[in-house]
Amino acid sequence: MSDRWLYAWGLASVAFGGASLVVPLYVVDLGGGPFVLGILAAVAAVVGVPGALWFGRVADRTGRRRALVLVALVAATLAVAVVPLTDRIAAVIAANAVVWFAFAAATPVLTLLAVADAPEAAWSERIADLNRYQGVGWALGLLLGTAWTVGGGAVASPAAATRSLFAPLALAAAGSCVAAARTLPADPSGDRTDGSTASPSGSRVRRAIRRADRFAVRGATLPGSLARTDFRGLDPRRLAARFTPALAAYFLAALLFLTGFSAFFAPLPAFLTDIGFGSGGTFALYLINSAAAAVAFGAAGRLAADRNVVRLQVGGLVGRAVLLPLVAVVGAALGASALGFVAVGVTFAAVGLTWAVIAVTAGVVVTRLAPAAIRGEALGAYAALGALAGGIGSVIGGWLAAIEYGLAFGVAGALVLAGAAVAFAVGRRVDRESSKAAG
């Protein structure tokens, strides 16, 4: 199979990466405060799971993977193009929901396409390639947003520069539709519309995703977005019946710290705008955050292989718990001066570094704590939990930020610290049980 279609997904990821920030900034320009941004982020987070579930299962039943990907890309293109045509915040929230529904829906189908005609031994490498194209495209979207809003702000108003950014993002999305239509592989001839398909089994795909996960550059600034996973066959009742106390406790820890992440990031564009950074400065800071995470993923993966993985994650969580409210302190104290940008930029880079540690270790912790029979499903449940936490945290963060940004970021840090405490307790319990078993 030719890999030219990966360029189409990379081009689409440019649009998704840029949209992840320009939509919140546009809402701020329309007068939306931090609570509105919380609603925007919450809706985007919760639509992902049904999107991934529905498209993944339709792909299994019908085998029409190519058509499903094209439908998702066209929907995202239209939604991105529509946003700047309306001044109604409710309409922007709805269009943004379509964008992230399409992103989540396309993800599992693209994974099936990546492994469709390859031997199982090559699946992890194929999925890793898919992750790399997505990560590079996302970063280019943030880079485009930085250059466009800084350059546009020099010749027009900042609001006009932000609004006009939707044009190149929509063109990138439209280009991905054309490229995908020309390069996506044909559906396997063995796939039929009678429910009998040749799709690779969910359990084997999930194993390949776990092996490829160390190459993934997940969205450091969109914590409610779904990780690449396979939701087919996910049975909550079967999972609940086989949960161990340690795994259940770790999921509680994850709910706390993921909620804290979203409580920080949901109102963040409004905060950065209020202290004077503008669209260009905000895009640059998000790019710094994502780049720091991307650079650190390899080192984090090596550390996770050599160290006590729970303690490593707890260290990352404690560091992030301190850094989140520090952003508010540094930003409020120094504002949008050159020194302020450098100081906030360094803090953002540190936040990105902690994300690399946390994201890499989370998959390892879940895999080790879950019984062998449900490891793949447990990772799917963790991804779904992230979307749920994204919704809850976004509303909490937006609501508190409407009162006081320092309060919102302080609560976000406290939630992350609480999650770190629960994760530490889980690690101590697992270590004691391992010592007893060895003795």
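Look up a bit, the structure's there.
Figured I'd write up the structure that's included with this text.

Calculation criteria
- Residues numbered from 1 in each chain as written.
- Predicted model: local features only at pLDDT ≥ 70, side-chain atom pairs only at ≥ 80, totals over all residues.
- Heavy atoms only, no water.
- Helix = DSSP H or I, 4+ residues; strand = E, 2+ residues; numbered from the N terminus.
- Expected span 1.5 Å × (residues − 1).
- Buried < 20%, exposed > 50% of the residue type's maximum accessible area, 1.4 Å probe, protein only.
- Contact = heavy atoms within 4.5 Å.
- Phe/Tyr/Trp six-rings, centres within 6.5 Å; stacked < 30°, edge-to-face > 60°.
- Lys NZ or Arg CZ within 6 Å of the ring centre and 35° of its normal.
- Axes fitted to C-alpha atoms, helices over the stretch in contact; angles between N-to-C directions.
- Parallel < 35°, antiparallel > 145°, perpendicular 65-115°, else oblique.
- Left-handed = near helix turned anticlockwise from the far one by under 90°.
- Nonpolar A, V, L, I, M, F, W, Y, C, P; charged D, E, K, R; others polar.
- Patch = residues over 30% accessible without salt bridge, like charges linked within 9 Å, V, L, I, M, F, W, Y side chains within 5 Å.
- Areas by Shrake-Rupley, 256 points an atom, 1.4 Å probe, with all protein chains shown as cover.
- Salt bridge = Lys/Arg side-chain N within 4 Å of Asp/Glu carboxyl O.
- Polar contact = N/O pair within 3.5 Å; in protein donor to acceptor, adjacent residues only side chain to side chain.

**What about helix H4 (residues 65-82)?**
Thinking step 1. Across its 18 residues, H4 extends 26 Å between first and last C-alpha, which sits within 8% of the 26 Å expected from 1.5 Å per residue.
Thinking step 2. Residues of H4 that are buried: Arg65, Leu68, Val69, Leu70, Ala72, Leu73, Ala76, Thr77, Ala79 and Val80.
Thinking step 3. The secondary structure elements touched by the buried residues of H4 are helix H1 (5-29), helix H3 (48-62), helix H5 (89-115) and helix H8 (166-183).

**Brief notes about the packing of aromatic side chains**
Thinking step 1. With the rule as written, the count across this model stands at 22 aromatic pairs.
Thinking step 2. Seen in terms of ring centroids, Phe265 and Tyr286 are 6.4 Å apart; in terms of plane orientation they differ by 75 degrees. Their pairing is edge-to-face. You can see Phe265 sitting in helix H11 (residues 245-265) and its partner Tyr286 sitting in helix H13 (residues 278-306), a full 21 residues away along the chain.
Thinking step 3. According to the relative accessible area criterion, Phe265 is buried, its value standing at 6%.
Thinking step 4. Given the relative accessible area of 3%, Tyr286 is considered buried.
Thinking step 5. The rings of Phe264, Phe265, Phe271, Tyr286, Phe348, Tyr405 and Phe409 are connected pair by pair, giving a single aromatic cluster.
Thinking step 6. Over the ring of Phe261 we find Arg320; its NZ or CZ atom is 4.5 Å from the centre of that ring.

**What to know about H11**
Thinking step 1. Between its first and last C-alpha, H11 extends 31 Å over 21 residues, near the 30 Å set by a 1.5 Å rise per residue.
Thinking step 2. With respect to burial, H11 is a largely interior element, 15 of its 21 residues being buried.

**Section: the packing of H11 against helix H15 (residues 338-369)**
Thinking step 1. Relative to each other, H11 and H15 sit at 160 degrees, their axes nearing to 11 Å. Judged by the angle between their axes, H11 and H15 are roughly antiparallel. As for how H11 packs across H15, the hand of that crossing is left-handed. Facing Ala246, Leu247, Tyr250, Phe251, Phe257, Phe261 and Phe265 of H11, the residues of H15 in contact are Val351, Trp355, Ile358, Ala362, Val365, Val366 and Leu369.
Thinking step 2. By residue class, the composition of the contact of H11 with H15 is 14 nonpolar, no polar and no charged.

**Describing the environment of Glu125**
Thinking step 1. Note on placement: Glu125 falls in helix H6 (residues 123-155).
Thinking step 2. Residue Glu125 is classed as exposed on the basis of its relative accessible area of 55%.
Thinking step 3. For Glu125 and Ala114, which are 11 residues apart along the polypeptide, the C-alpha to C-alpha distance reads 9.4 Å.

**Here's the deal with a nonpolar patch on the surface**
Thinking step 1. A surface patch of nonpolar side chains, amounting to about 470 Å² of accessible area, comprises Phe35, Val395, Trp399, Ile403 and Leu407.
Thinking step 2. Looking at the nonpolar patch element by element, the count peaks at 3 residues for helix H16 (residues 375-403).
Thinking step 3. Mapped onto the elements, Ile403 comes out in helix H16.

**Details of the environment of Ser262**
Thinking step 1. Following the sequence through the fold, Ser262 ends up in helix H11.
Thinking step 2. The exposure class of Ser262 is buried, given its relative accessible area of 4%.
Thinking step 3. Taking the C-alpha atoms as reference, Ser262 lies 9.7 Å from Ala387; in sequence the two are 125 residues apart.

**Details of the side chain of Thr149**
Thinking step 1. Within the secondary structure layout, Thr149 lies in helix H6.
Thinking step 2. In terms of polar contacts, Thr149 uses its side chain to reach the backbone carbonyl oxygen of Thr146, at 3.4 Å.
Thinking step 3. Apart from the residues lying within four places of it in its own chain, the contact partners of Thr149 are Ala161, Thr162, Leu165, Ser279, Gly280 and Phe283.

**Description of the pattern of salt bridges**
Thinking step 1. Counted by the stated rule, this structure contains 1 salt bridge.
Thinking step 2. The shortest N-O distance in the salt bridge between Arg163 and Asp87 comes to 2.9 Å. Remark: Asp87 occurs in the loop between H4 and H5 and Arg163 occurs in helix H7 (residues 158-164); sequence separation between them is 76 residues.
Thinking step 3. Residue Arg163 is classed as partly exposed on the basis of its relative accessible area, which comes to 32%.

**Some thoughts on the packing of H11 against helix H14 (residues 309-334)**
Thinking step 1. Orientation of H11 relative to H14, taken along the N-to-C sense of each, is 25 degrees, at an axis distance of 11 Å. Here H14 runs roughly parallel to H11, going by the angle between their axes. Considering the relative orientation of H11 and H14, their crossing is left-handed. Side by side, H11 and H14 meet where Tyr250, Phe257, Gly260, Phe261, Phe264 and Phe265 of the first sit next to Gln313, Leu317, Arg320, Leu324 and Val327 of the second.

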